[in-house]
Amino acid sequence: MSLIELHYEVPGDDFTRAGEASGDVKRQLKQLGFEPATIRNVVIALYEGEINMVIHAGGGEIDVSIDPDRIRMVLRDHGPGIPDVALAMQEGFSTAPDNVRALGFGAGMGLPNIKKYTNDMQIETEIGVGTTMYLRVDV
Amino acid sequence: MATTEFFHSVRLDEEKCKGCINCIKRCPTGAIRVRRGKAYIISERCIDCGECIRICPNHAKYAEKYSFNEILDYKYRIALPAPTLYGQFNNLDDVDYVLTAFLRLGFDDVFEVSVGAELVSEATRLYMKQKETVRPVISSACPAVVRLIRVRFPNLIPNVLDLNAPMEEAARLARERAMEKTGLPAEDIGVFFITPCTAKITAIKQPICNEKSHVSGVFGIKDIYPVLLGQMDKLTATVPLKHSGLMGVGWASSGGESAALLKERYLAADGIENVIQVLEELENEKLNDLDFIELNACAGGCVGGPLTVENPYVAKARLQRLRKYLPVSCNHLPSDEIPDEMRWEKPLESVNIMKLDEDLRKAMQKMQKMNEIEKVLPGLDCGTCGAPSCRDLAEDIVRGKGAIEDCVFFTRDKSDNRDFIPIPAPFRKSDTEIRLKEKDKI
């Protein structure tokens with residue numbers, strides 16, 4: 001059990017609210033006094049995850065555990081699952097629909113960015129059941 | 001970390017303050033609390049943006065004013081009008097009317113801030129070419145934005161353009177020119193800025209990146225406007241004083257500074273909420289494809305300043321008309337190098353107002369407590385406790401600056417006797433008096 005446990009519900013039907021959870025986490029990490037680089041890594045990874053949940057999975061939930069030496073995030077959705085994780089991890093690979101691309105998202109950088117900004121990334125996914133992502137950023 | 005006493009140009013008229021919650025809700029840095037029925041500014045958080053002056057329905061918030069007689073302390077007096085001033089007058093077709101009127105008010109000379117703006121634009125163009133420049137470069141012309149960055153976005157400090165604002169550059173050159181012309185020593189020459197905003201007053205009275213401002217004194221546009229208008233009406237002829245082009249005058253509205261860079265990859269945002277959103281995005285590395293970011297705390301840019309007379313969009317439209325007949329730029333740097341005098345003397349330092357504690361573990365304990373407190377608060381953000389939101393009250397409590405009983409809803413629900421109406425913190429005398437004593441520590 002970490003000192004600080006945060007829970008967020010990410011709504012799947014309102015694109016304009018994507019980014020609220022990562023914004024709140026950012027504010028709290030700043031108040032705690034974490035280094036700017038750590039905050040950036042957590043916030044970017046979380047933001048990309050949040051956007052993915054909204055685009056592909058109809059929302060989901062996020063749990064963030066903050067410890068002095070690491071920040072862990074669990075992003076769980078009940079979406080369609082990822083058929084080929086290795087392919088999804090490639091930069092530029094995207095299955096995002098056109099209306100999402102029109103907003104500047106869906107460039108195929110979501111998962112690669114999450115990998116880049118975290119120290120550990122595990123994906124559990126099952127077709128038709130959903131995807132859970134375990135992320136860790138070390139301080 | 002900077003630990004100086006803070007000067008603020010935003011002041012409170014206690015008699016007029018009713019202790020309503022308009023200003024605490026509006027403040028972009030959460031710097032105001034209502035204590036004992038009066039608004040109280042938490043000094044280190046205030047960025048002097050002037051939003052509270054604009055919103056206060058009782059006109060209790062005001063900008064520090066200076067006596068016009070101050071100019072008499074100097075043998076030679078120069079007026080330094082911000083280009084925003086030109087947009088305040090109806091049917092103005094020649095800036096020289098405004099500038100000549102200053103001579104009749106007791107000034108010996110006039111030096112346009114837009115002259116300084118054109119030089120800063122040229123220096124910025126050189127700055128953007130430097131290899132070591134951290135991109136996107138954030139404009140440092142709006143002092144409220146610079147102060148916002150140092151309290152809320154300290155990790156963006158490397159992006160901030162470390163050159164003096166047009167006002168400083170204009171004041172420096174105006175004094176130099178006067179010294180050459182009159183042979184007087186620097187201290188006999190008074191340079192007076194005509195300001196659209198409170199943030200610039202603070203930038204003059206307490207500069208953060210220079211030891212001392214080149215500006216000797218400052219008057220708000222709305223304070224000088226009536227007398228200036230009176231003199232303009234009496235003018236029969238003008239003196240040719242204007243010496244800036246459309247680039248310099250363009251700085252008065254949002255986007256003007258960016259346009260003068262002759263680059264395409266820029267963003268210009270105005271209004272404090274928009275500015276904060278852009279800085280958040282920049283911090284999340286979402287705007288890395290830009291070269292330049294112009295940010296103005298006031299809606300519309302400087303034309304929207306809290307000390308202006310005219311609606312910002314009307315002023316902008318008038319400036320567009322005035323600019324039409326001006327040359328592109330009239331002022332240029334002496335060489336292809338940025339003069340040392342234009343650079344900041346010292347780097348911008350962060351002031352961390354957000355950290356709950358210097359010790360991470362203690363900060364985490366406080367955060368945990370804060371989150372627990374927030375759960376029992378109603379989440380109405382009504383402001384009756386004197387803090388802008390329930391979360392802010394929770395923060396005040398863990399910082400030892402508030403009590404959970406300050407929340408009227410919490411106290412009502414805890415009370416067995418439903419007729420009991422608690423007195424909220426702003427109006428409770430006993431402990432607020434104690435708190436006022438330690439107000440500097442808040």
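Look up: the structure comes first, before these words.
Residues numbered from 1 in each chain as written. Chains lettered and ligands numbered in written order. Predicted model: local features only at pLDDT ≥ 70, side-chain atom pairs only at ≥ 80, totals over all residues. Heavy atoms only, no water.

Draft legend 1. The arrangement of the interface of chain A and chain B in detail. Facing the 21 residues of chain A at the interface are 23 residues of chain B. Between chain A and chain B lies a buried interface of about 2000 Å² when both sides are counted; carbon and sulfur atoms form 59% of it. Of all residues in chain A, L3, K30 and Q31 of chain A give up the largest surface area on contact with chain B, accounting jointly for 33% of the area buried on that side. The tally of links between chain A and chain B comes to 4 salt bridges. Two residues, E283 of chain B and K26 of chain A, come together in a salt bridge whose shortest N-O distance is 2.7 Å. Applying the counting criterion to the chain A and chain B interface returns 9 residue pairs in polar contact (both at pLDDT 80 or more). Contributions of two or more residues to the side of chain A that touches chain B are made by β1 (4-11), α1 (20-32) and α2 (36-56) of chain A. (Contact = heavy atoms within 4.5 Å. Buried area = accessible area lost by both parts, 1.4 Å probe. Salt bridge = Lys/Arg side-chain N within 4 Å of Asp/Glu carboxyl O. Polar contact = N/O pair within 3.5 Å; in protein donor to acceptor, adjacent residues only side chain to side chain. Helix = DSSP H or I, 4+ residues; strand = E, 2+ residues; numbered from the N terminus.)

Draft legend 2. Spatial organisation of the pattern of salt bridges. Counted under the stated rule, the structure contains 33 salt bridges over all chains. A salt bridge links E169 of chain B to R172 of chain B, with the nearest nitrogen and oxygen atoms 2.9 Å apart. With E169 of chain B and R172 of chain B both in helix α6 (residues 166-182), this residue pair falls 3 residues apart, about one helical turn. The same class applies to E169 of chain B and to R172 of chain B, which are both buried. Taken together, the salt bridges that share partners define one network made up of K26 and K30 of chain A together with R152, E280 and E283 of chain B. (Buried < 20%, exposed > 50% of the residue type's maximum accessible area, 1.4 Å probe, protein only.)

Draft legend 3. Spotlight on helix α12 (residues 312-323) of chain B. Residues and elements named next belong to chain B. Its 12 residues place the ends of α12 16 Å apart at the C-alpha level, agreeing with the 16 Å of an ideal helix rising 1.5 Å per residue. Along α12, the positions that sit buried rather than exposed are P312, A315, R318, L319 and L322. Taken down its axis, α12 places every buried residue within 125 degrees of arc, on the same side. Buried-residue contacts for α12 involve α3 (95-104) and α9 (246-250). One side-chain oxygen at the N-terminal end of α12 lies 2.7 Å from the backbone nitrogen of Y313; it belongs to N311. (Expected span 1.5 Å × (residues − 1). Arc of directions from axis to C-beta.)

Draft legend 4. Fine view of the environment of G110 of chain A. All names here are of chain A. Relative to the helices and strands, G110 is located in helix α5 (residues 110-117). Take G110: its relative accessible area is 13%, and that puts it in the buried class. Sequence separation between G110 and E61 is 49 residues; the distance between their C-alpha atoms is 17 Å. Residue contacts for G110: discarding those within four places in its chain leaves E48 and N52.

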